[in-house]
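Here are the chains, one letter per residue:
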Amino acid sequence: MSAVGYAAVAVQTGAVVGGAPLLTGLMRQVRARLEGRAGAGVLQPWRDTRKLLRREPIAPVGTGPAFRTAPALLVATTLVVGSLVPLLSTDTPVAGRADLILVVALLALGTVTLALAGLDTGTAFGGMGSSREMTIAALVEPTLLMAVLALSLPAGTTNLPAIVADAVRDPSRLASPAGLLAAAALTVAVLAETGRLPLDNPSTHLELTMVHEAMVLEYAGRDLALVELGAQMRLAVLLGLLASLFTPWGIATSASAAGLALALVALAAKVALLGTVLAAAEVFWAKLRLFRVPELLAGSFLLALLAVAASYFLSGE
């Protein structure tokens with residue numbers, strides 16, 4: 001493997017860590033402008049992270065290792081996912097290990113870790129948030145698996161770089177019924193996995209509507225900075241994966257420095273566009289009532305199943 005391959009992994013990981021707060025800042029700025037407010041600026045999430053990192057973490061009395069280790073585990077699992085998924089190049093030293101099942105398992109590990117931390121606090125909010133998060137995760141993780149599985153059937157593998165490389169060679173598959181159904185199902189799953197409207201409201205602190213925020217209410221200082229950074233990285237990685245799977249143009253398929261530079265520009269443009277569209281849509285969306293969320297997620301799972309069936313029968317694989 002050439003040095004360009006290792007550079008691709010390093011640049012991609014750095015882009016996820018450094019760009020995730022900027023993406024969140026961009027989305028907040030878009031929402032502020034559309035709501036007639038000035039906004040705090042694109043760099044505000046980085047300022048918040050720097051401020052929190054300087055403060056001592058405070059753990060509630062009675063909490064155990066689950067609460068204390070959850071922020072670091074959340075960032076670590078997201079960092080591994082961010083280095084595995086093909087965001088810049090399909091020809092990297094870790095491409096052979098970027099299996100769909102491993103990536104979904106790492107995402108689920110981060111979710112479960114945070115849910116256990118919420119339960120570990122022993123508070124009503126923590127337990128409520130963890131219960132709701134697990135209910136959503138039980139439908140989201142299978143949808144993620146099935147949606148990408150529909151794309152993996154024509155490629156003949158569950159390796160994500162191979163799936164993206166196959167889509168680059170034959171983009172007409174993305175416009176097929178299976179590709180469109182998988183795109184719809186995966187979009188809903190990404191919204192749920194990242195706690196965005198209409199399934200969750202990341203800016204709310206109302207008891208009746210909180211899901212993700214209820215689990216992290218007890219965090220402060222450096223631990224809260226890691227939890228916030230982990231959530232921002234997860235949003236950036238999943239939007240990047242969505243872009244790579246369904247608009248793979250620009251991704252480097254060979255070890256080339258020029259191709260890597262072009263891929264970085266294309267990735268930034270695609271993720272920024274997806275974030276802007278999502279932020280603009282959130283201005284006009286209302287949060288679903290909690291008992292309607294499983295209905296939407298069940299619908300997305302059904303779309304994913306139909307995508308797999310369409311991929312299997314229409315492609316003849």
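Residues numbered from 1 in each chain as written. Predicted model: local features only at pLDDT ≥ 70, side-chain atom pairs only at ≥ 80, totals over all residues. Heavy atoms only, no water.

The cut-off we apply is this: UniProt positions are given in the numbering used here, feature names are shortened, and annotations may be inferred rather than shown by experiment.
Per an unreviewed UniProt entry, the protein chain carries the name Formate hydrogenlyase and comes from Streptomyces vietnamensis. We quote the UniProt Subcellular location (unreviewed entry) comment for the protein chain here in full: "Membrane".

**Digging into the overall build of the protein chain**
The cut-off we apply is this: Each helix is a run of H or I in the DSSP string that is no shorter than four residues. Each strand is a run of E no shorter than two, and both are numbered from the N terminus. Only protein chains enter the accessibility calculation, which uses a 1.4 Å probe; a residue is then buried when its area is under 20% of its type maximum, exposed when over 50%, and partly exposed in between. Contacts were defined at the residue level, with two residues in contact if any of their heavy atoms lie within 4.5 Å.
Within the protein chain one finds 11 helices and 0 strands. Starting at the N terminus and walking to the C terminus, you meet the elements of the protein chain as α-α-α-α-α-α-α-α-α-α-α. In terms of overall dimensions, the protein chain has a C-alpha envelope of 55 × 45 × 45 Å along the principal axes. Each of the 317 residues in the protein chain was classed as buried or not, and the buried ones make up 49%. In the protein chain, of all internal contacts separated by at least 6 residues, the share reaching a separation of at least 24 is 78%.

**Some details on the environment of Pro161**
You can see Pro161 is positioned in helix H6 (residues 160-169). Here the alpha-carbon distance between Pro161 and Arg97, two residues 64 residues apart in the chain, equals 9.5 Å.

**A look at the packing of helix H4 (residues 100-120) against helix H5 (residues 124-155)**
Just so we agree on the cut-off: For helices, the axis comes from a line fit to the C-alpha atoms of the stretch in contact; other axes are also lines fit to C-alpha atoms, and the angle between any two N-to-C directions lies between 0 and 180 degrees. Should an angle fall under 35 degrees it is taken as roughly parallel, and over 145 as roughly antiparallel, whereas 65 to 115 is taken as roughly perpendicular and any remaining angle as oblique. Polarity classes work like this: nonpolar for Ala, Val, Leu, Ile, Met, Phe, Trp, Tyr, Cys and Pro, charged for Asp, Glu, Lys and Arg, and polar for all others, with Gly in that last group.
Interhelical geometry of H4 versus H5 gives an angle of 175 degrees and a closest axis separation of 9 Å. With respect to H5, the element H4 is oriented roughly antiparallel. Where H4 approaches H5, its residues Leu100, Ile101, Val104, Leu107, Ala108, Thr111, Val112, Ala115, Gly118 and Leu119 are matched on the opposing element by Gly126, Gly127, Ser130, Glu133, Met134, Ala137, Glu141, Leu144, Leu145, Val148 and Leu149. Here the residues of the contact of H4 with H5 sort into 14 nonpolar, 5 polar and 2 charged.

**Side note on the UniProt feature "transmembrane region" (unreviewed entry) in the protein chain**
What UniProt calls "transmembrane region" (unreviewed entry) maps, in this numbering, to residues 6-27, 70-88, 100-122, 134-154, 174-192, 235-252, 258-284 and 296-314. Here residues 134-154 is 100% helix and 0% strand, with 32 Å between the C-alpha atoms at its ends. From the first C-alpha to the last, residues 174-192 spans 23 Å; its make-up is 84% helix and 0% strand.

**Examining the packing of aromatic side chains**
In plain terms, the rule: Stacked, tilted and edge-to-face are the three classes assigned to paired rings of Phe, Tyr and Trp, where Trp is represented by its six-membered ring and a pair needs centres within 6.5 Å; plane angles under 30 degrees give stacked, over 60 edge-to-face, the rest tilted.
Evaluated as defined, the whole model comprises 2 aromatic pairs. Measuring from centroid to centroid gives 4.1 Å for Phe67 and Tyr219, while their planes differ by 5 degrees, and the two rings are stacked. In this pair, Phe67 sits in helix H3 (residues 65-84) while Tyr219 sits in the loop between helix H8 (212-215) and helix H9 (221-246), placing the two residues 152 residues apart along the sequence. Each member of the pair Phe67 and Tyr219 is classed as buried.

**A closer look at helix H1 (residues 3-34)**
Basically, it comes down to this: Given the number of residues in a helix, its expected span is that number minus one, multiplied by 1.5 Å. Note on bend: the value at a residue is the angle between axes fitted to the seven residues ending there and to the seven starting there.
Under the 1.5 Å per step criterion, the end-to-end length of H1 is 44 Å for 32 residues, consistent within 8% with the ideal 46 Å. When the local axis directions of H1 are compared, the greatest deviation, roughly 40 degrees, occurs at Gly19, which is followed within four positions by the proline Pro21. Immediately beyond the C-terminal end of H1, within one or two residues, lies Gly36, with a positive phi of roughly 80 degrees.

**Describing the pattern of salt bridges**
Defined as follows: Criterion for a salt bridge: a side-chain nitrogen of Lys or Arg within 4 Å of a carboxyl oxygen of Asp or Glu.
Enumeration according to the criterion identifies 8 salt bridges in this entry. Two residues, Arg31 and Glu35, come together in a salt bridge whose shortest N-O distance is 3.4 Å. Residue classification places Arg31 among the buried residues on the basis of a relative accessible area of 18%. Note that Asp166 and Arg169 form a salt bridge whose closest N and O atoms lie 3.6 Å from each other. Residue Asp166 and its partner Arg169 are located together in helix H6, separated by 3 residues, close to a single helical turn. Note on Arg169: relative accessible area 61%, which makes it exposed. By sharing partners, the salt bridges in this structure join Arg31, Glu35, Arg37, Arg196 and Glu282 into a single network.

**Side note on the nonpolar core**
Condition: Here, nonpolar core refers to any group of buried Ala, Val, Leu, Ile, Met, Phe, Trp, Tyr and Cys residues whose side-chain atoms link them within 4.5 Å.
Of all hydrophobic cores here, the largest spans 66 residues; its most connected members are Val85, Leu186, Leu245, Phe246 and Leu297. With residues near it in sequence (within four places) discarded, Leu297 still touches Ile136, Leu139, Val140, Thr143, Val188, Ala192 and Leu199. Residues Leu52, Met215, Val216 and Ala225 belong to the second largest nonpolar core, which totals 13 residues.

**Some remarks on the packing of helix H2 (residues 44-53) against H9**
Selection criterion: Helix crossings are classified by the rotation of the near helix relative to the far one: an anticlockwise turn of less than a right angle makes the crossing left-handed, while a clockwise turn makes it right-handed.
Two numbers describe how H2 lies on H9: the axes approach to 7 Å, and their chain directions differ by 150 degrees. The angle between H2 and H9 falls in the class roughly antiparallel. Helix-helix and strand crossings are classified by hand; for H2 and H9 the assignment is left-handed. Here Pro45, Thr49, Leu52 and Leu53 of H2 come into contact with H9, specifically with Gly221, Arg222, Leu224, Ala225 and Gln232.

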